[in-house]
Amino acid sequence: MSEDLVKALSNLQEKDVLRIVQERLNNSEEPLSILEDSKTAMEIVGKRFAGGEYFIPDLIFSAEIMKAITDIVKPKLMRLGVTQHIGKFVIGTVAGDIHDIGKNIVTFMLEVNGFEVYDLGIDVPVQKFVEKIKEVTPQVVGLSGFLTLAYDSMRDTVKAIEAAGLRDRVKIIIGGGQIDENVRKYTNADAYGEDAISAVSFAKECVGGK
Amino acid sequence: MEKSAEELYKERNKRVEDAIRLQVPDRVPVAPFFSFFYAKYAGLTPEEAFYDYEKWRYAVKKTIVDFQPDMYLDPRFSVISPGPLLDIADCKQIKWPGHGVSPNHYSFQHIDAEYMKEDEYDAFLFDPSDYVVRTYLPRLYGVLEPLKMLPPLHSMLHGYVVAYQLGAAAKRQIVDAFEALSRANAEYLRWGSEMNSLGEELKRMGLPSWSESISQAPFDIIGDFLRGFRGVVMDMYRRPDKLIEAAEKILPMQLQRTVFFAKRTGNPRVYIPLDLGSDGFMSPQQFKTFYWPTAKKLIIGLINEGITPWLHFEVNYSSRLEIMTELPKGKTICHFERPDDIFRAKEILGDIACLKGGMPNSLLCTGTPDDVKDHCKKLIDFVGKGGGFIMDAGAAISEAKPENVKAMIDFTKEYGVYS
């Protein structure tokens, strides 16, 4: 049974997924096991994306199906599972920029790879990053931006993190449509990512994973 | 002897046309994708660019006269509509300086949302114009909300029998909406006349305009303006047939309106940003199924009408370069954002399309004039070899250092000469 759900979800077969979930609930199966299988399937989705087999629309659609599963299962949960995270990551689109597709993809990939992600949203003021870093002490911070105006916002954010005395405690990675090594140097970030995969590998390095 | 403005105008046009037709011009043309750079360079605030037409006109003129590119980009590509008009219309689809985004940032930004709901494909397909007037416009512009009170537009097919419906259409709220809009007309005329006379003035100075109108692939019309990115992604899985049908429906309309506006401007080069077709946004299979068939028909249809599509391959298009060999020879301009893409494109598309771009905006923003010259040299040596290349930044130029932009233009003029 559990094989079916993992297979259907990882293959993005929405109707089958919803049918299986309903059947399992009707058979009085424990809701938590449904969520655990779903998590396994989402990890497969993440691996297929990393391997070039899946593309961004596949991730967005899988997240949509996952949301539908959670909506059905959550109200029936008796106990919450304890998720082990491998690290904490604070992410946001920097001040002045409202683009979020890229940021959301990175968030998705970090989550399926075991990170606890704090997503601050779009057009995030410099100070909000600083406060969140103080509050949750992440190992990694991700600054996202699509427009060239984001270069200065990224640089200002890195500076503010430094001024708050937090620069040594976090690694900072930047990413977005027009971000490259020139911008990394300009902003004084530790790394830039061409895509979500490189953000995940960098984050893993930062927390001492492979 | 000094060349007259008229001679310069002709010379610049020929230089660009030669490059587009894949012949060898006298030198590599340079036609920068100026956007809010106009405002920033001339010291305007972002709000002034949107709200003060005279200052905006001054900024554009100053920039073009100071930098002397072979062709300039029409300022209506950056300030798409003037601020007061957006205010009156209460436009819900973009944020502009002081209205949803900071007054200190040179940009306007699109709000990605479902302006057409997932269950509205049938209404759209049944009668797109009726759908646009009664459902879409009321969502897009606050001022037009009362239009949703109108009876179906096609009910007027009943002739005099439904004459009384004209009375219903002239509801107080609808009349008020159009009265509010009449103020938009005054702004449109004032802004339009500044922009038009600027174009004429620059022409008299021998400076031609690169492009003055825009078109988009049917899939992008759906993804950008109707369904939003998330919406159109869901549609690829949940209602693929409707999505394809809607793209096919939009295609002839898009052809008609593009030809209409291109003929009105008299400028043959039409900007086509291929937004959602980029590598990151969909798989090669999805590109071939949903995006490329109608995009290609649009491009070919426009070429048949004498238009030169200026195709902007935004962000990353490496995996699609081979497909572009389907384009007819010497009829398009392929503009690449990533340097990697344009170098590879020279090998794959070099004898099919004129290539433009390849200068990273990041370098213009953060590098030195020497860095810029080094990169220009590489572009001219490799991509410029044998003609068919126009120097430009990869994407719209807003936050660039003026000395770097100057280096790109001056170095191209100096080093880009074909012997």
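Above this text you will find the structure in question.
A word on the overall build of chain A. For chain A, the count of helices and strands is 9 helices and 5 strands. Secondary structure elements of chain A occur, N-terminal to C-terminal, as α-α-α-α-β-α-β-α-β-α-β-α-β-α. By the compact-globule yardstick of 17 Å for 210 residues, chain A fits well, its C-alpha radius of gyration being 19 Å. Its C-alpha atoms give chain A principal-axis dimensions of roughly 55 × 35 × 30 Å. Within chain A, counting contacts between residues at least 6 apart in sequence, those at least 24 apart form 72% of the total.

Residues and elements named next belong to chain A. Across the 5 residues that make up strand β3 (residues 140-144), a large majority, 5, are buried. By the bridge criterion, 5 bridges tie strand β1 (residues 87-93) to β3 in an arrangement that is parallel. Counterpart to Phe-89 in the pairing with β3 is Val-140. Handedness of the β3-helix α7 (residues 150-163)-strand β4 (residues 171-175) crossover: right-handed.

Before going further, it helps to spend a moment on the sheet that holds strand β4 (residues 213-214) of chain B. As a general point, the strands of a sheet are linked pairwise by backbone hydrogen bonds and lie either parallel or antiparallel. All names here are of chain B. Across the sheet, 6 strands lie side by side as β4-β5-β6-β7-β8-β9; this open sheet has parallel pairing. Because the sheet does not close on itself, it has two edges, and the strands there are β4 and β9 (389-393). Of the pairings in the sheet, the one linking strand β5 (residues 269-273) to strand β6 (residues 308-313) comprises 5 bridges and is parallel in character. If you follow Tyr-271 over to β6, its bridge partner there is Trp-310.

Our next topic: the packing of helix α14 (residues 339-349) of chain B against helix α16 (residues 369-383) of chain B. Residue and element names in this part refer to chain B. It is the contact of α14 with α16, at a shortest axis distance of 10 Å, that shows an interaxial angle of 20°. Looking at the two axes, α14 sits roughly parallel to α16. In this structure, α14 crosses over α16, and the sense of that crossing is left-handed. Facing α14, whose interface residues are Pro-339, Ile-342, Phe-343, Lys-346 and Glu-347, α16 presents His-375, Lys-378, Leu-379, Phe-382 and Val-383. The residue makeup of the contact of α14 with α16, split by class, is 6 nonpolar, 1 polar and 3 charged.

On to the sheet that holds β3 of chain A, then. All names here are of chain A. If you walk across this open sheet you meet the 5 strands as β2-β1-β3-β4-β5, and the pairing is parallel. Because the sheet does not close on itself, it has two edges, and the strands there are β2 (115-119) and β5 (191-193). Strand after strand, the sheet turns through a mean of 25° between neighbouring axes, direction not considered. When β4 meets β5, the two strands line up parallel, connected through 3 bridges. Residue pairing in the sheet places Ile-174 in a bridge with Tyr-192 of β5.

A few words on the pattern of salt bridges. The tally for this structure, following the rule as stated, stands at 50 salt bridges over all chains. When the shortest N-O distance is used, the salt bridge between Glu-29 of chain A and Arg-24 of chain A registers 3.0 Å. Note on Glu-29 of chain A: relative accessible area 25%, which makes it partly exposed. A network of salt bridges, in which partner residues are shared, links Glu-64 of chain A together with Glu-114, Glu-118, Arg-227, Arg-230, Asp-235 and Arg-239 of chain B.

What follows concerns the packing of aromatic side chains. Under the criterion given, the structure shown has 26 aromatic pairs over all chains. When the centroid spacing of 4.1 Å and the interplanar angle of 10° are considered together, the rings of Phe-61 of chain A and Tyr-237 of chain B count as stacked. With Phe-61 of chain A in helix α4 (residues 56-73) and Tyr-237 of chain B in helix α11 (residues 228-238), the pair connects residues from two separate chains. Of the residues examined, Tyr-237 of chain B reaches a relative accessible area of 24% and is grouped as partly exposed. Relative to Tyr-271 of chain B, the ring of Phe-33 of chain B has its centre 5.6 Å away and its plane inclined at 90°; by these criteria the two rings are edge-to-face. Of this pair, Phe-33 of chain B sits in the loop between α1 (5-20) and α2 (37-42) while Tyr-271 of chain B sits in strand β5, placing them 238 residues apart in sequence. Comparing Phe-33 of chain B with Tyr-271 of chain B shows no difference in burial state: the two are buried.

The rules behind each value
- Numbering of residues starts from 1 in every chain and runs along the sequence as written.
- Both sets of labels track the order of writing: A upward for chains, 1 upward for ligands.
- At least 70 in pLDDT is required for a residue's local features to be given in this predicted model, at least 80 for side-chain atom pairs to be given and counted, and no such filter applies to totals for whole chains, interfaces and linings, which use all residues.
- Hydrogens and water are ignored here; the side-chain numbers use all heavy atoms of the structure.
- Put simply, DSSP H or I for four residues or longer makes a helix, DSSP E for two residues or longer makes a strand, and each gets a number counted from the N terminus.
- For the radius of gyration, the atom set is restricted to C-alpha positions; the globular benchmark scales as 2.2 Å times the number of residues to the power 0.38.
- Residue contacts follow a heavy-atom distance rule, with two residues in contact if any of their heavy atoms lie within 4.5 Å.
- Here the term buried applies to any residue with accessible area under 20% of the maximum for its type, exposed to any over 50%, and partly exposed to those in between, with areas from a 1.4 Å probe on protein chains only.
- At least two DSSP bridges between two strands are needed for those strands to be called paired.
- By convention, orient the strands away from the viewer: a clockwise path from the first strand over the helix to the second makes the crossover right-handed.
- Between the N-to-C directions of two axes lies an angle of 0 to 180 degrees, each axis being a line fitted to C-alpha atoms and, for a helix, fitted only over the stretch in contact.
- An angle counts as roughly parallel when it lies under 35 degrees, as roughly antiparallel when it exceeds 145, as roughly perpendicular when it falls between 65 and 115, and as oblique in every other case.
- Each crossing gets its handedness from the near helix: less than a right angle anticlockwise from the far helix is left-handed, clockwise is right-handed.
- Side-chain classes follow a simple rule in which Ala, Val, Leu, Ile, Met, Phe, Trp, Tyr, Cys and Pro form the nonpolar group, Asp, Glu, Lys and Arg form the charged group, and the remainder, Gly included, forms the polar group.
- Any Lys or Arg side-chain nitrogen found within 4 Å of a carboxyl oxygen on Asp or Glu counts as a salt bridge.
- Any Phe, Tyr or Trp ring, taking Trp's six-membered ring, that has another such ring centre within 6.5 Å forms a pair; planes under 30 degrees apart are called stacked, those over 60 apart edge-to-face, and the others tilted.

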